[in-house]
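Next come the chains, spelled out residue by residue.
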Amino acid sequence: MAATGALCLAVAALAGDAAYPWLKAGHVIAVISWMAGMLYLPRLFIYHCGAAPGSETSETFKVMEQRLLRVIINPAMVVTWALGLWLAWRGGHFSAGWLHAKLALVLALSGVHGFFSAAVRRFAEDRNTLTARQWRIWNEVPTVLMIGIVLLVVVKPF
């Protein structure tokens, strides 16, 4: 994952201003991928709660959760952060209040990502402690954060 972020920043540094729209598109693609995974993973947890530990269904959910996290969510988060910070720096936005608020929400989303990562490990060990209802509530958290982030980026209210 660190290599992915480093590669993104190296491309950004070498390409300069001409790459700005391309890297912005890459950032948007990474954000969409990250959010897709962050919205789907807790839904898998909801279904996983209904599977008996050790059952074939439970083992299938474990594989799905781990692959989603490792192949899509983690790399997408790294690329989102790497390109997002570069775009903010290159665009001179670090003094903007909207960016400070956006970064706070992205940090919160990253914290939820960490919480979900720990949940994948707990499910893999058959140690989940949350109910399907609790996971339904957690399923809404990334959506609320995403709405706030998009509004700040598009409207730039301050």
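My aim in this report is to walk through the structure given alongside it, one point at a time. The model shown is predicted, which means the values in this text are computed figures rather than measured ones. (Residues numbered from 1 in each chain as written. Predicted model: local features only at pLDDT ≥ 70, side-chain atom pairs only at ≥ 80, totals over all residues. Heavy atoms only, no water.)

**A closer look at the packing of aromatic side chains**
A full pass over the atoms with the stated rule returns 10 aromatic pairs. Both rings, one in F45 and one in F116, keep their centres 6.1 Å apart while their planes meet at 85°; by these two values the pair is edge-to-face. Placement of the pair is F45 in helix α2 (residues 20-49) and F116 in helix α4 (residues 97-124), with a sequence separation of 71 residues. Of the two residues examined, F45 and F116, each falls in the buried class. Feature note: the residues F45, F115, F116, F123, W135 and W138 constitute an aromatic cluster, connected by ring pairs. When the ring centre of W98 is taken as reference, the NZ or CZ atom of K156 above it lies at 4.7 Å. (Phe/Tyr/Trp six-rings, centres within 6.5 Å; stacked < 30°, edge-to-face > 60°. Helix = DSSP H or I, 4+ residues; strand = E, 2+ residues; numbered from the N terminus. Buried < 20%, exposed > 50% of the residue type's maximum accessible area, 1.4 Å probe, protein only. Lys NZ or Arg CZ within 6 Å of the ring centre and 35° of its normal.)

**Overview of a nonpolar patch on the surface**
Taken together, the side chains of I147, V150, L151, V153, V154 and V155 define a hydrophobic patch exposed on the protein surface, amounting to about 520 Å² of accessible area. When you line up the elements, V154 lands in helix α5 (residues 132-155). The class for V154 is exposed, based on a relative accessible area of 63%. (Patch = residues over 30% accessible without salt bridge, like charges linked within 9 Å, V, L, I, M, F, W, Y side chains within 5 Å. Areas by Shrake-Rupley, 256 points an atom, 1.4 Å probe, with all protein chains shown as cover. Salt bridge = Lys/Arg side-chain N within 4 Å of Asp/Glu carboxyl O.)

**Things to note about the pattern of salt bridges**
For the structure on display, the rule yields 4 salt bridges. For K62, the salt bridge goes to E59, with nearest N and O atoms at 2.9 Å. Taken together, the residues span about one helical turn, with K62 and E59 both in helix α3 (residues 56-90) at a distance of 3 residues. The class for E59 is partly exposed, based on a relative accessible area of 34%.

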